Number of protein chains: 2
Amino acid sequence: MSTQEPLGAQERLVRSTQELLWERGYVGTSPKAILERAGVGQGSMYHHFSGKSELALAAIRRTAEELKQGAESCLGGPGTAYDRIAAYLLRERRVLRGCPIGRMTQDRDVVRSAELRQPLDELFGWLQGRIAEVLAEGQRRGELTAEPAPAAGAAAVAAVVQGGYVLARAADDPAPFDAAVQGVLALLAAQRTPGTRTTG
Amino acid sequence: MSTQEPLGAQERLVRSTQELLWERGYVGTSPKAILERAGVGQGSMYHHFSGKSELALAAIRRTAEELKQGAESCLGGPGTAYDRIAAYLLRERRVLRGCPIGRMTQDRDVVRSAELRQPLDELFGWLQGRIAEVLAEGQRRGELTAEPAPAAGAAAVAAVVQGGYVLARAADDPAPFDAAVQGVLALLAAQRTPGTRTTG
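Residues numbered from 1 in each chain as written. Chains lettered and ligands numbered in written order. Predicted model: local features only at pLDDT ≥ 70, side-chain atom pairs only at ≥ 80, totals over all residues. Heavy atoms only, no water.

Draft legend 1. Representation of the packing of aromatic side chains within the structure. On inspection of all chains with the given rule, the structure shows two aromatic pairs over all chains. Considering the side-chain rings of Tyr165 of chain B and Phe177 of chain B, the 5.1 Å spacing of their centres and the 40 degrees angle between planes classify their relative orientation as tilted. Here Tyr165 of chain B, found in helix 8 (residues 150-171), pairs with Phe177 of chain B, found in helix 9 (residues 175-189); they are twelve residues apart in sequence, far enough to count as distant. Each member of the pair, Tyr165 of chain B as well as Phe177 of chain B, is classed as buried. Directly above the ring of Tyr82 of chain A sits Arg192 of chain A, whose terminal nitrogen or CZ lies 4.3 Å from the centroid. Just above the ring of Tyr26 of chain B sits the side chain of Lys52 of chain B; from NZ or CZ to the centre is 4.2 Å. (Phe/Tyr/Trp six-rings, centres within 6.5 Å; stacked < 30°, edge-to-face > 60°. Helix = DSSP H or I, 4+ residues; strand = E, 2+ residues; numbered from the N terminus. Buried < 20%, exposed > 50% of the residue type's maximum accessible area, 1.4 Å probe, protein only. Lys NZ or Arg CZ within 6 Å of the ring centre and 35° of its normal.)

Draft legend 2. Quick look at helix 7 (residues 114-140) of chain B. Taking 1.5 Å as the rise per residue, helix 7 of chain B with 27 residues should run 39 Å; its terminal C-alpha atoms sit 37 Å apart, in good agreement. Two residues or fewer past helix 7 of chain B, Gly142 of chain B is found with a positive phi of approximately 80 degrees. (Expected span 1.5 Å × (residues − 1).)

Draft legend 3. Summary view of unusual backbone geometry. In this structure, Pro148 of chain A follows Glu147 of chain A across a cis peptide bond, with omega equal to -5 degrees. Locating Pro148 of chain A in the fold gives a position in the loop between helix 7 (114-140) and helix 8 (150-171). We note that Asp172 of chain B has phi near 50 degrees; this positive angle belongs to a residue other than glycine. Its location among the elements puts Asp172 of chain B in the loop between helix 8 and helix 9. For Asp172 of chain B, a relative accessible area of 47% puts it in the partly exposed group.

Draft legend 4. Just the interface of chain A and chain B, in detail. Taken together, the 45 residues of chain A in the interface contact 45 residues of chain B. Together, the buried faces of chain A and chain B total about 3700 Å²; carbon and sulfur atoms form 67% of this surface. Sorting the residues of chain A by area buried against chain B places Gln106, Arg169 and Leu187 of chain A first, and these three jointly supply 19% of that buried surface. Here chain A and chain B share zero salt bridges between them. At the boundary of chain A and chain B, one finds eight residue pairs in polar contact (both at pLDDT 80 or more). Listing elements by their share of the side of chain A that touches chain B, those giving two or more residues are helix 1 (9-24), helix 6 (108-111), helix 7, helix 8 and helix 9 (175-189) of chain A. Of the residues forming the side of chain A that touches chain B, the biggest block, 16 residues, is contributed by helix 8 of chain A. By residue class, the composition of the side of chain A that touches chain B is 24 nonpolar, twelve polar and nine charged. (Contact = heavy atoms within 4.5 Å. Buried area = accessible area lost by both parts, 1.4 Å probe. Salt bridge = Lys/Arg side-chain N within 4 Å of Asp/Glu carboxyl O. Polar contact = N/O pair within 3.5 Å; in protein donor to acceptor, adjacent residues only side chain to side chain. Nonpolar A, V, L, I, M, F, W, Y, C, P; charged D, E, K, R; others polar.)

Draft legend 5. Geometry of the relation of the copies chain A and chain B. Superposing chain A onto chain B takes a rotation of 180 degrees combined with a translation of 0.0 Å along the rotation axis, leaving an RMSD of 0.0 Å. Here the two chains are linked by the operation of a two-fold rotation axis. No C-alpha of chain A approaches the rotation axis more nearly than that of Gly163 of chain A, which lies at 1.9 Å. (Least-squares fit on C-alpha atoms with pLDDT ≥ 70 in both.)

In structure tokens, the structure reads:
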């Protein structure tokens, strides 16, 4: 937002919950911590939301929508299929913070709730579908060989990003994330047909 | 263990903590829950361990050692480099439970503690090094082409497994894990030199 207007309580609650879920996960985020960070009172929270679960759902949906837009800006960009997937893979930046949606999959209370898990499922389903489209387009245009099958290649690309975060956080160093991205890009680059190898 | 002897309190505490950390993470595992699952009293726990942190460290180290042995049984097995990496990738089974060590990287209290993070770092560092050795051996023997660089290829393989868990848990379905593994295997298979393509 570029406006200087103060944010309303509802918006502050959602943004504070987005941050806290990313930092601490669902089980580690207390309503008290949300209220403190948002700087709003308990009455205001219960005016806008029935409780932590409903507020978390709004925050998770918002985060998922933001990630989707960021991914689409790369995958829907110009260039060959390889270029667009490379743009997506190389885009990821705040590696040691991890993925705010991926980390939710480690929260038992989130994955056991059909409602809270839904935006995770939708985001990663959309992401894999979108990458598969790009790969299929590259194959149709003759930029890429027929291997791997687009759905499998897309799952591998999405998994490398999510797993790269895990490896980087274990090492407290972004290097394994970068290495994993370079590894899958080298493998994808080898699937380019000769005429398209000039751009990557 | 094949013995029928009852386990001692210390061993029951470690195993119960291994299970609870896997299910609930560090922040979600209370000393009370550990005592209940282990069926031991508080006095016994503080006789063997200074507290939750020391017990968690013993449990994480144990789990990491078990995972290392399991991975080595595939990566150190017979066959070509591709076969050994395929055996490692296809070995993973309890997909929806996720990786007990990978999930620890999402626990702020774990990654912020140099002591608790160390066994995570060691396991994933070892794993990437071991896979890189196998890839380098395959390249040296002429089974695989020179791309990707072994360290990058190894990071990608390890990331696919960790990220595959994330995608599967988001979907509440092992299918994305299996797809990611098939995707990276198809990419690796394409790097095999013609003479070695009969076995995979």
